[in-house]
Amino acid sequence: MKPSMRKFQDENDYWRIRQFLRDVMIANGLRMFSWGVERLDYLRWHAIENRHDCGPLQDVVYLWETPDQRIAAVLTAEDAGVNYMNIHPAFKTNELEEEMIVAAEEQLSVVRNGKQKLHLWSDSQDTLRQDILNARGYVKEEWIDSQWRRDLTEPVPAVPVVDGYTIRALGDESELTARSWASWRGFHSDEPDEKYEGWEWYLNIQRCPLYRRDLDMVAVTGNVIAAFATLWFDDVTRTVVVEPVATVPEHQRKGLARACITEGLRRAQKLGAVRAFVTGSNPGPNALYASTLAPERDLSVEWRKEWEI
């Protein structure tokens, strides 16, 4: 039963892909060799609706289905020219891998500086995919995502919080202004504040199906949100993903991000989570994640190809 490719069509596809990603996560032994459900939700509600990083789902998602309509693989674009291959291990073959890479080149590459360009990701241990990428002219980028993981089989100790700060869940809509400002300051501290675009984008974050306000952790001092860590719990795979995490610059080096993550993990554990994930690519965040979750990680490597138009 060779899978065949088609474009994303409708709302039913969205919910079928969510279940497919859950099936893949379980089949891979709860390892991040594919997207989690939260990342598909984030693509729809944040990358597309808020940031306009790419076109609608109908333009950036492709499915491979068997004749009996079982999804075997999904190709997704999260940013212009940046693509991810999600394959159920039962269907992972050289033929399917190459077919998906060719489809990405033909459908999802972009033109920059007069050349066609495409970025694809591969687990560092996936020799099958890397051999194909090498043969097709891809080169490794320096960008590597460390996918830290922690089993939640043992109690998660609380982290002491410095005086003057409280760790709690995000409040109601009246607190979204402060939460959005903290995100701007945490991720855009080197940019002028005049570029800040307001808080309404966070309403789309809260529309994501996995979003839970009781897992949207913040560190608060007075009326100021000083740090935050949002956790996404999937009760089907019983996994929880920490994303995003940041601390406002003037409140850094107080252990606030660690305290937010830890409190979120404790809450997720009570909900039934058995494994937690967080992804980092820079030395500072990676040091935090390694110490807060565990030293165990998988590495996802970015590959790039450029060719003449």
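Every value quoted in this text rests on a predicted model; they were computed, and no experiment measured them.

Cut-offs applied
Residues numbered from 1 in each chain as written. Predicted model: local features only at pLDDT ≥ 70, side-chain atom pairs only at ≥ 80, totals over all residues. Heavy atoms only, no water. Helix = DSSP H or I, 4+ residues; strand = E, 2+ residues; numbered from the N terminus. Rg over C-alpha atoms; globule rule 2.2 N^0.38 Å. Buried < 20%, exposed > 50% of the residue type's maximum accessible area, 1.4 Å probe, protein only. Contact = heavy atoms within 4.5 Å. Areas by Shrake-Rupley, 256 points an atom, 1.4 Å probe, with all protein chains shown as cover. Lys, Arg positive; Asp, Glu negative; His and termini not counted. Charge placed at Lys NZ, Arg CZ, Asp CG, Glu CD. Axes fitted to C-alpha atoms, helices over the stretch in contact; angles between N-to-C directions. Parallel < 35°, antiparallel > 145°, perpendicular 65-115°, else oblique. Nonpolar A, V, L, I, M, F, W, Y, C, P; charged D, E, K, R; others polar. 1 Å grid on protein atoms, 1.4 Å probe; cavity = no way out; pocket = protein on both sides within 12 Å on 5 of 7 lines; lining within 4 Å. Points joined across faces, edges and corners; volume = space filled by probe spheres on them. Phe/Tyr/Trp six-rings, centres within 6.5 Å; stacked < 30°, edge-to-face > 60°. Lys NZ or Arg CZ within 6 Å of the ring centre and 35° of its normal. Expected span 1.5 Å × (residues − 1). Salt bridge = Lys/Arg side-chain N within 4 Å of Asp/Glu carboxyl O. Polar contact = N/O pair within 3.5 Å; in protein donor to acceptor, adjacent residues only side chain to side chain.

### Focus: the overall build of the protein
Working step 1: Scanning the protein from N- to C-terminus turns up 9 helices and 13 strands.
Working step 2: Its C-alpha atoms give the protein a radius of gyration of 20 Å, within 12% of the compact-globule value 19 Å for 309 residues.
Working step 3: Its C-alpha atoms give the protein principal-axis dimensions of about 60 × 45 × 35 Å.
Working step 4: In the protein, buried positions account for 53% of the 309 residues.
Working step 5: Across the protein, every contact between residues at least 6 apart in sequence was considered, and the portion connecting residues at least 24 apart equals 71%.
Working step 6: Total accessible area computed for the protein in this model is approximately 14,400 Å², and 47% of it derives from carbon and sulfur atoms.
Working step 7: On the protein, the mean spot of the 38 positive side-chain charges and the mean spot of the 49 negative ones are 4 Å from each other.

### Some points on the packing of helix H1 (residues 11-27) against helix H2 (residues 37-48)
Working step 1: Relative to each other, H1 and H2 sit at 150°, their axes nearing to 8 Å. By the angle between their directions, the pair H1 and H2 is classed as roughly antiparallel. Here H1 contributes Glu11, Tyr14, Ile17, Arg18, Leu21 and Arg22 to the contact with H2, which in turn contributes Val37, Leu40, Asp41, Arg44 and Trp45.
Working step 2: Across the contact of H1 with H2, the residue classes tally to 6 nonpolar, no polar and 5 charged.

### Observations regarding the layout of surface pockets
Working step 1: There is about 390 Å³ of room inside the second largest pocket.
Working step 2: Around the second largest pocket, the lining comprises 25 residues; the ones closest to its centre are Met32, Phe33, Ser34, Asp123 and Arg129.
Working step 3: Looking at the lining of the second largest pocket, the elements that each hand over two or more residues are strand E4 (82-87), strand E6 (115-123) and strand E7 (139-151).
Working step 4: By residue number, the principal contributor to the lining of the second largest pocket is E4, which donates 5 residues.
Working step 5: Split into classes, the residues belonging to the lining of the second largest pocket amount to 8 nonpolar, 10 polar and 7 charged.

### Digging into empty space enclosed by the protein
Working step 1: The tally for this structure, following the rule as stated, stands at 1 cavity of 30 Å³ or more.
Working step 2: In this structure, the largest cavity occupies an estimated 60 Å³ of space.
Working step 3: Broken down by secondary-structure element, the contributors of at least two residues to the lining of the largest cavity are H1, H2, strand E10 (224-234) and strand E11 (239-247).
Working step 4: It is H1 that provides the largest number of residues to the lining of the largest cavity, a total of 3 residues.

### Focus on the packing of aromatic side chains
Working step 1: Considering all chains together, one arrives at 9 aromatic pairs under this definition.
Working step 2: Centroid distance Trp35 to Tyr84: 5.3 Å. Interplanar angle 50°. Geometry classified as tilted. Linking Trp35 in the loop between H1 and H2 with Tyr84 in strand E4, this pair joins segments that are 49 residues apart in sequence. Accessibility assignment for this pair places Trp35 and Tyr84 in one class, buried.
Working step 3: Note on Tyr211 and Trp232: the rings are 6.0 Å apart at their centroids and 65° apart in plane angle, and the pair reads as edge-to-face. Placement of Tyr211 in the loop between helix H7 (201-205) and strand E9 (216-221) and of Trp232 in strand E10 is noted, with a sequence separation of 21 residues between them.
Working step 4: When its relative accessible area of 13% is taken as the criterion, Tyr211 is described as buried.
Working step 5: Through successive ring pairs, a cluster of aromatic residues spans Trp35, Tyr84 and Trp121.
Working step 6: Across the ring face of Tyr84, the terminal group of Arg39 is positioned such that the distance to the ring centre comes to 4.5 Å.

### A short note on helix H8 (residues 256-271)
Working step 1: An ideal rise of 1.5 Å per residue puts 22 Å on 16 residues; H8 measures up with 23 Å between its terminal C-alpha atoms.
Working step 2: Buried within H8 we find Leu256, Ala257, Ala259, Cys260, Ile261, Thr262, Gly264, Leu265 and Ala268.
Working step 3: Looking one or two residues past H8, Gly272 carries a phi angle of roughly 115°, positive in sign.

### So, the pattern of salt bridges
Working step 1: Tallied over the entire structure, the rule returns 32 salt bridges.
Working step 2: The salt bridge involving Lys305 is made with Glu105; its shortest N-O contact spans 3.3 Å. Highlighted residues: Lys305 in strand E13 (residues 297-308) and Glu105 in helix H4 (residues 94-107), separated in sequence by 200 residues.
Working step 3: On the basis of relative accessible area, Glu105 is assigned to the buried category, the value being 9%.
Working step 4: The network of salt bridges with shared partners includes Arg6, Asp13, Arg16 and Glu65.

### Details of the environment of Thr237
Working step 1: Looking at the secondary structure, you find Thr237 in the loop between E10 and E11.
Working step 2: For Thr237, a relative accessible area of 6% gives the class buried.
Working step 3: Sequence separation between Thr237 and Ile132 is 105 residues, and the spatial gap between their C-alpha atoms is 30 Å.
Working step 4: Here Asp234 takes part through its side chain, which lies 3.3 Å from a polar atom of the side chain of Thr237.

Read these as layout, nothing more, since geometry by itself doesn't imply function.
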